[in-house]
Amino acid sequence: VTGVQTCALPICAAAKQAKSCASRQREQTLTPIYILFGTETYNAQDLADRTAEAVEALSLPVEVFGMDELDWSELEAAHTALIITSTFGDGDPPSNAEDLHAELMAATTALPHLRYSVCSLGDRSYPKFCQCGIEFDERLAALGAQRISARVDCELDFEAQWQGWLDTTLAALGQLSFDAAPAAAVAPAVAPEPVAQPAAPVEQAAQQPVAPVEQSE
């Protein structure tokens, strides 16, 4: 008989299964993190899915939505949201983000309970580089939401910048509690974002040699 401690394989397997079950039960009691993506050509969607995998590795519950799959009331009620969005053409939101973006710009309900971070994708050759992500970030902050990590504006070669944002955001999430959604504090309404009246529409093709494209392309 040696002094080396051993574990019978069936017992070890049962222990691992119990631990896994306990982890799943814990996740079911936590409030989910919403990951929202705005995209035309699926780059932001791919990053959203990969972000979700990284968050799930922390044993935190995650739900991924295209921005056209989530009502504004659901985002208002959320406690943590990670937003990954491209910009279309010269500063416009991608088509699946148009409605949510418009509702956010017009919102007056304060959101002090909402924790968030934004990763934006863009093309610096456009004057309004990453404009959609900038507007999501700044408007949420104006409504009193809590930024948990700084926005990162990614260039066309976005992989390293997204990874840096992800690492910082995961570290921030690791410091937060998800046992229950924080109660929404009563706070003064915030004035809606003024909507500028545009001049006559000009097709991007008139300014660029090609038609409008998602800035992340």
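The shown structure was predicted, so the numbers you read here are calculated from the model rather than taken from an experiment.

The rules behind these values
- Residues numbered from 1 in each chain as written.
- Predicted model: local features only at pLDDT ≥ 70, side-chain atom pairs only at ≥ 80, totals over all residues.
- Heavy atoms only, no water.
- Phe/Tyr/Trp six-rings, centres within 6.5 Å; stacked < 30°, edge-to-face > 60°.
- Helix = DSSP H or I, 4+ residues; strand = E, 2+ residues; numbered from the N terminus.
- Buried < 20%, exposed > 50% of the residue type's maximum accessible area, 1.4 Å probe, protein only.
- Lys NZ or Arg CZ within 6 Å of the ring centre and 35° of its normal.
- Contact = heavy atoms within 4.5 Å.
- Axes fitted to C-alpha atoms, helices over the stretch in contact; angles between N-to-C directions.
- Left-handed = near helix turned anticlockwise from the far one by under 90°.
- Nonpolar A, V, L, I, M, F, W, Y, C, P; charged D, E, K, R; others polar.
- Salt bridge = Lys/Arg side-chain N within 4 Å of Asp/Glu carboxyl O.
- Pairing = 2+ DSSP bridges.
- Right-handed = clockwise from strand over helix to strand, strands pointing away.

**Student:** I'd like a rundown of the packing of aromatic side chains, residues and numbers included.
**Tutor:** Within the structure shown, the criterion is met by 1 aromatic pair. Pairing Tyr34 with Phe65 gives two aromatic rings, centres 5.2 Å apart and planes at 75°, and the pair type is edge-to-face. Placement of Tyr34 in strand S1 (residues 33–38) and of Phe65 in strand S2 (residues 62–66) is noted, with a sequence separation of 31 residues between them. With respect to class, Tyr34 is no different from Phe65; both count as buried. Over the ring of Phe178 we find Arg115; its NZ or CZ atom is 5.0 Å from the centre of that ring.

**Student:** Break down unusual backbone geometry for me, citing the residues and quoting the values.
**Tutor:** It is generally the case that most residues other than glycine have a negative phi and that most peptide bonds are trans. For Tyr42, which is not glycine, the phi torsion reads 80° and is therefore positive. Phi is positive for Ser59, which is not a glycine, with a value near 60°. Relative to the helices and strands, Ser59 resides in the loop between helix H2 (43–56) and S2. Judged by its relative accessible area of 25%, Ser59 is partly exposed.

**Student:** So what's going on with the environment of Ile83? Which residues, and what values?
**Tutor:** Within the secondary structure, Ile83 is located in strand S3 (residues 80–86). By relative accessible area, Ile83 is classed as buried at 1%. Counting along the chain gives 35 residues from Ile83 to Val118, while the straight-line C-alpha distance between them is 4.7 Å. Contacts of Ile83, omitting those with residues within four sequence positions, involve Leu36, Met67, Ser117, Val118, Cys119, Phe136 and Leu140.

**Student:** Lay out the packing of helix H4 (residues 98–106) against helix H5 (residues 131–142) in plain terms, naming residues and giving numbers.
**Tutor:** Each pair of packed helices can be described by the angle between their axes along with the distance between the axes. With their axes 10 Å apart at the nearest point, H4 and H5 run at an angle of 35° to one another. For the pair H4 and H5, the crossing hand works out as left-handed. Facing H4, whose interface residues are His101, Leu104 and Met105, H5 presents Cys132, Glu135, Phe136, Arg139 and Leu140. For the contact of H4 with H5, the residue count by class is 5 nonpolar, 1 polar and 2 charged.

**Student:** Explain the pattern of salt bridges to me, and be specific about the residues and the numbers.
**Tutor:** Per the stated rule, a full pass over the model turns up 6 salt bridges. Close ionic contact of Arg50 with Asp46 constitutes a salt bridge, the shortest N to O distance being 3.3 Å. Taken together, the residues span about one helical turn, with Arg50 and Asp46 both in helix H2 at a distance of 4 residues. A salt bridge links Arg147 to Asp137, with the nearest nitrogen and oxygen atoms 2.9 Å apart. Placement of Arg147 in strand S5 (residues 146–147) and of Asp137 in helix H5 is noted, with a sequence separation of 10 residues between them. Its relative accessible area of 3% is what places Asp137 among the buried residues. Through salt bridges that share partners, Asp137, Arg147, Arg151 and Asp153 make up one connected network.

**Student:** An account of the pairing of S1 is requested, with residue identities and associated values reported.
**Tutor:** Among the 6 residues of S1, 6 are classified as buried, and the element is accordingly described as predominantly covered. Where S1 lies against S2, 5 bridges are found, and the strand directions are parallel. From the neighbouring strand, Leu36 faces S2, where its bridge partner is Phe65. At this point the chain moves from S1, through H2, to the parallel S2, and the crossover so formed is right-handed. Strand direction decides the pairing type here: S1 and S3, joined by 5 bridges, are parallel. Each residue of the ladder has a partner; that of Gly38, found in S3, is Thr85.

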